[in-house]
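Reading the structure
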Amino acid sequence: MRRVLVTRPLHDAKPWVDAFRARGLQAEALPLLAIAGCTDPTALQALLSARQLALKPGQYRAVMFVSGNAAQYFFSSNPSQTLTGQSLLAPDTRAWTPGPGTERTLLELGLSSHQIDGPSPDAAQFESEALWQNVHDQIRAGDRVLIVRGASPATGNAGKPVPSTQGAGRDWLAARLREAGAEVELLAVYERQLPSWTAQQLDVARQAASDGSLWLFSSSEAVANLQQLLPQQKWHLGLALTTHERIASKALSAGFGRVLHSRPSLDDVVASIESAL
């Protein structure tokens, strides 16, 4: 049986690998993103200020968490709130998510499901566009919305510029909010970094370029990082499964010979993998 390579950050990849193995698939993690908290003092002060404001009624109409990592790093430096049962957000502030994974993180952190909004469960994509369909009626002129996100360093580990591949959905949402008269604030609480691969991981990746392995990409930045880690590698014999059309376009531009697309839910991804392999 050919293997599935899960390219999410390591802590995000493990649940997917376990789920695939439980379905009888050969899967392993090969992270193409590394996640770390922001260390810049200005960014940390902005985080502290935003979190305090988010606890006060009448400040934010909504806080949009672009990922589970965004939720984790927004609340992680104040764990006493979850331990004591104190509210994480003001009662009149909605928590917006792009999909069920981020919602699951917020629930695990202790936020009530009644305070969370996201795309419909049967949405074709779990993304900002699908979220907006369900929340646009909440916004009035003058409302403040905080978008909690990650950031990429200006250069990678080798000092090379990092391709700009992230934020399309977030930028689209910010534009819709501004059109509706809302004030949008962007807050970076973590960094997406180029991972430091071992020699063994590099060998796995080179072999997987042509041995029939299936690369599961859940972000365009993962594809860009793969190109940066193996700049001379040819991918015309490679097989990729992506969870968004933008990611599929990136994989095709990277040279992957066969690129498939799936809804991002586990059942749909598994069905696509089984069809492909």
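An account of the accompanying structure is given in this report.

Conventions used here
- Residues numbered from 1 in each chain as written.
- Predicted model: local features only at pLDDT ≥ 70, side-chain atom pairs only at ≥ 80, totals over all residues.
- Heavy atoms only, no water.
- Helix = DSSP H or I, 4+ residues; strand = E, 2+ residues; numbered from the N terminus.
- Rg over C-alpha atoms; globule rule 2.2 N^0.38 Å.
- Buried < 20%, exposed > 50% of the residue type's maximum accessible area, 1.4 Å probe, protein only.
- Contact = heavy atoms within 4.5 Å.
- Areas by Shrake-Rupley, 256 points an atom, 1.4 Å probe, with all protein chains shown as cover.
- Salt bridge = Lys/Arg side-chain N within 4 Å of Asp/Glu carboxyl O.
- Core = buried A, V, L, I, M, F, W, Y, C linked by side-chain atoms within 4.5 Å.
- Phe/Tyr/Trp six-rings, centres within 6.5 Å; stacked < 30°, edge-to-face > 60°.
- Pairing = 2+ DSSP bridges.
- Axes fitted to C-alpha atoms, helices over the stretch in contact; angles between N-to-C directions.
- Expected span 1.5 Å × (residues − 1).
- Arc of directions from axis to C-beta.
- Polar contact = N/O pair within 3.5 Å; in protein donor to acceptor, adjacent residues only side chain to side chain.
- Parallel < 35°, antiparallel > 145°, perpendicular 65-115°, else oblique.

Within the protein, the regular secondary structure consists of 11 helices and 11 strands. The globule rule puts the C-alpha radius of gyration for 277 residues at 19 Å, and the 19 Å found for the protein is close to it. With the C-alpha coordinates aligned to their principal axes, the bounding extent of the protein is approximately 55 × 40 × 40 Å. Within the protein, the fraction of its 277 residues that count as buried is 50%. Long-range contacts, defined as pairs at least 24 residues apart, comprise 71% of the intrachain contacts of the protein with a sequence gap of at least 6. When the accessible surface of the protein is totalled, it reaches about 12900 Å², and 50% of it is carbon and sulfur.

Next up on the list: the pattern of salt bridges. A full pass over the atoms with the stated rule returns 13 salt bridges. A salt bridge links R176 to E179; the nearest nitrogen and oxygen atoms lie 2.8 Å apart. With R176 and E179 both in helix α7 (residues 168–179) and 3 residues apart, the pair spans about one turn of that helix. For the salt bridge of R263 with D268, the shortest nitrogen-to-oxygen distance reads 2.5 Å. For D268, a relative accessible area of 28% puts it in the partly exposed group. Through salt bridges with shared partners, a single network forms among R3, E28 and D211.

A few words on the nonpolar core. L32, W197, W215, F217, L226 and F256 are the most contacted members of the largest nonpolar core, which has 25 residues in total. Listing elements by their share of this core, those giving two or more residues are α8 (199–208), β9 (214–217), α9 (220–229) and α10 (245–254). Setting aside anything within four residues of it in sequence, one finds F256 in contact with W215, F217, L226, W235, G238, L239, A240 and A251. Residues A50, F74, L88 and L106 belong to the second largest nonpolar core, which totals 23 residues.

Here the distance between the centres and the angle between the planes together describe a pair of aromatic rings. Within the structure shown, the criterion is met by 10 aromatic pairs. With centroids separated by 4.9 Å and ring planes inclined at 85°, the aromatic side chains of F74 and F75 adopt a geometry described as edge-to-face. Ring centres of W235 and F256 lie 5.1 Å apart, and the angle between their planes is 15°; this geometry places the pair in the stacked category. Placement of W235 in the loop between α9 and β10 (239–242) and of F256 in the loop between α10 and β11 (258–261) is noted, with a sequence separation of 21 residues between them. Here the aromatic residues W215, F217, W235 and F256 are joined through ring pairs into a cluster of three or more.

Turning to the sheet that holds strand β2 (residues 26–29), a few remarks are in order. Adjacent strands of a sheet pair through backbone hydrogen bonds, lying either parallel or antiparallel. The 5 strands are arranged β2-β1-β9-β10-β11 in an open sheet whose pairing can be described as parallel. At either margin of the open sheet sits one strand with a lone partner, and together these are β2 and β11. Between one strand and the next, the sheet's axes are offset by a mean angle of 25°, whatever the strand orientation. Across 4 bridges, β10 lies against β11 in parallel orientation. Pairing of A240 across the sheet is with V259, part of β11. Sheet strands in contact with helix α11 (residues 266–276) are β1 (3–6), β9, β10 and β11, and its direction is about 160° off that of β10.

With that out of the way, let us pick up the sheet that holds strand β8 (residues 183–193). Strand order in this open sheet of 6 strands is β3-β8-β7-β4-β5-β6, and the pairing throughout is mixed. Each edge of the open sheet is held by one strand with a lone partner, namely β3 (34–37) and β6 (116–117). Of the strands in this sheet, β3, β4 (62–65), β7 (144–151) and β8 are in contact with helix α3 (residues 68–75), which crosses β8 at around 95°.

End to end, α7 covers 17 Å across 12 residues, agreeing with the expected 16 Å (1.5 Å per residue, within 8%). Along α7, the residues classified as buried are G169, R170, L173, A174, R176 and L177. Buried residues along α7 cover an arc of 160° about the axis, so they all sit on one side. Residue G181 follows α7 closely and has a positive phi angle near 95°.

Tracing the backbone through its elements, the reader meets L111 in the loop between α5 (100–109) and β6. Accessibility expressed as a relative area gives 5% for L111, which makes it buried.

With respect to the helices and strands, S262 occurs in the loop between β11 and α11. For S262, a relative accessible area of 4% puts it in the buried group. Engagement of the side chain of S262 in a polar contact is seen with the backbone oxygen of D268, the distance being 3.3 Å. Within the structure, the side chain of S262 is placed 3.3 Å from the side chain of S272, a separation counted as a polar contact. Among all residues touching S262, those that are not within four sequence positions of it are Q125, L241, T242, T243, D268, V269 and S272.

Now for the packing of helix α6 (residues 128–135) against α7. The contact between α6 and α7 brings their axes to 9 Å, and the two run at 30°. In terms of axis orientation, α6 runs roughly parallel to α7. Taking contact as the criterion, the partners of S128, E129, L131 and W132 in α6 are, on α7, G169, R170, W172, L173, R176 and L177.

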